[in-house]
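For reference, the chains in residue letters:
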Amino acid sequence: MARQYWLLKADPEVFSFDDLLASPGRTTAWDGVRNYQARNYLRAMAPGDQAFFYHSNASPPGIVGLVEIARGAYPDPTQFERGHGHFDPRSKAEAPTWVMVDVRALEALPRTLALAELCGLEECSSLAVCQRGNRLSVSPVSGAQWRVIRACAKRKSPA
DNA sequence: GCCAACGTTGGC
DNA sequence: GCCAACGTTGGC
């Protein structure tokens, strides 16, 4: 199956791309997703898929790095941890509601590709992150979008 | 800090 | 099943 591409949102106050680079093996479990649409995208991920690492609530918000999926979806243990912020009392151990994947850092972009610039790129206005009011934390990126975005990010300054 | 948009909850 | 109220997200 062809490699798929994704965009992962993170609040850098909580977990930044630098935090990922500093993690053991530059890898972390992408836990805490509690939205069904995002969960379904996590389930569709396969090892070797690649993703943009996006900083929300930043100045400016935008893409800051590239990651790869190191392990496909498996149960998120925090859903069973009573008292944990991601605890879900309705999830059953024999049929976990929520999953996570492992994400490994590939490289930091030479600069932040800001949201405004991102959404102005050819074919990119349809990105979930460019839709008004969008809150989806995991979303798909097409191969064409991936290439356009990567090429833009490598240029030193906004086009 | 503001506030629009979203997803979820819960009364009916 | 409807929908108002609420809490959260996230750009500005």
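Structure first, text after, so check above.
The rules behind each value
Residues numbered from 1 in each chain as written. Chains lettered and ligands numbered in written order. Predicted model: local features only at pLDDT ≥ 70, side-chain atom pairs only at ≥ 80, totals over all residues. Heavy atoms only, no water. Helix = DSSP H or I, 4+ residues; strand = E, 2+ residues; numbered from the N terminus. Rg over C-alpha atoms; globule rule 2.2 N^0.38 Å. Buried < 20%, exposed > 50% of the residue type's maximum accessible area, 1.4 Å probe, protein only. Contact = heavy atoms within 4.5 Å. Areas by Shrake-Rupley, 256 points an atom, 1.4 Å probe, with all protein chains shown as cover. Lys, Arg positive; Asp, Glu negative; His and termini not counted. Charge placed at Lys NZ, Arg CZ, Asp CG, Glu CD. Near = heavy atom within 4 Å. Polar contact = N/O pair within 3.5 Å; in protein donor to acceptor, adjacent residues only side chain to side chain. Nonpolar A, V, L, I, M, F, W, Y, C, P; charged D, E, K, R; others polar. Pairing = 2+ DSSP bridges. Axes fitted to C-alpha atoms, helices over the stretch in contact; angles between N-to-C directions.

What follows covers the overall build of chain A. A tally of helices and strands in chain A yields four helices and six strands. What you see in chain A, going N to C, is helices and strands ordered as β-α-β-α-β-β-β-α-β-α. Relative to its length of 159 residues, chain A is compact, with a C-alpha radius of gyration of 16 Å against a globular reference of 15 Å. Across its three principal directions, the C-alpha atoms of chain A cover 50 × 30 × 30 Å. A burial count over chain A gives 44% of its 159 residues as buried. Counting only contacts in chain A whose residues sit at least 6 apart along the sequence, the fraction spanning at least 24 positions is 73%. Total accessible area computed for chain A in this model is approximately 8,400 Å², and 50% of it derives from carbon and sulfur atoms. Charge separation in chain A, taken as the distance between the mean sites of 19 positive and 16 negative side-chain charges, equals 4 Å.

This part takes up the protein's contact with DNA strand C. Every residue near DNA strand C is listed here: Lys9, Tyr54, Ser56, Asn57, Pro61, Leu115, Asn134 and Arg135. Taken together, the sugar and phosphate atoms account for 68% of what DNA strand C places within 4 Å of the protein. At a separation of 2.7 Å, a phosphate oxygen of DNA strand C approaches a polar side-chain atom of Tyr54. Between DNA strand C and Arg135, the relevant distance is 3.2 Å, taken from a phosphate oxygen to a main-chain nitrogen or oxygen of the residue. Here the surface near DNA strand C is built from residues that sort into three nonpolar, three polar and two charged.

Attention now goes to unusual backbone geometry. With an omega of -5°, the peptide bond running from Ser59 to Pro60 counts as cis. Checked against the element boundaries, Pro60 lands in the loop between strand S3 (50–55) and strand S4 (62–75). Even without a glycine there, the phi angle at Arg26 is positive, about 50°. Tracing the chain through its elements places Arg26 in the loop between helix H1 (17–21) and strand S2 (27–29). Under the relative-accessibility criterion, Arg26 is labelled partly exposed at 38%. Notably, Asn57 is not glycine yet its phi reads approximately 55°, a positive angle.

Lining the immediate environment of DNA strand B, one finds Tyr36, Arg90, Arg132, Gly133 and Arg135. Counting only the atoms of DNA strand B that lie within 4 Å of the protein, the sugar and phosphate share comes to 70%. Contact distances for DNA strand B include 2.9 Å between a phosphate oxygen and a side-chain N or O atom of Arg90. In terms of residue class, the surface near DNA strand B is made up of one nonpolar, one polar and three charged.

What follows is about the sheet that holds strand S5 (residues 99–114). Across the sheet, six strands lie side by side as S2-S5-S4-S3-S1-S6; this open sheet has mixed pairing. Only two strands of the sheet have a single neighbouring strand rather than two, namely S2 and strand S6 (138–141). Ignoring strand direction, the axes of neighbouring strands in this sheet form an average angle of 35°. Alignment of S3 against S4, held across six bridges, turns out to be antiparallel. When the sheet's bridge partners are listed, Phe52 is paired in S4 with Leu66. Contacting strand S1 (5–10), S3, S4, S5 and S6, helix H4 (residues 143–154) crosses the sheet at an angle of about 40° to S5.

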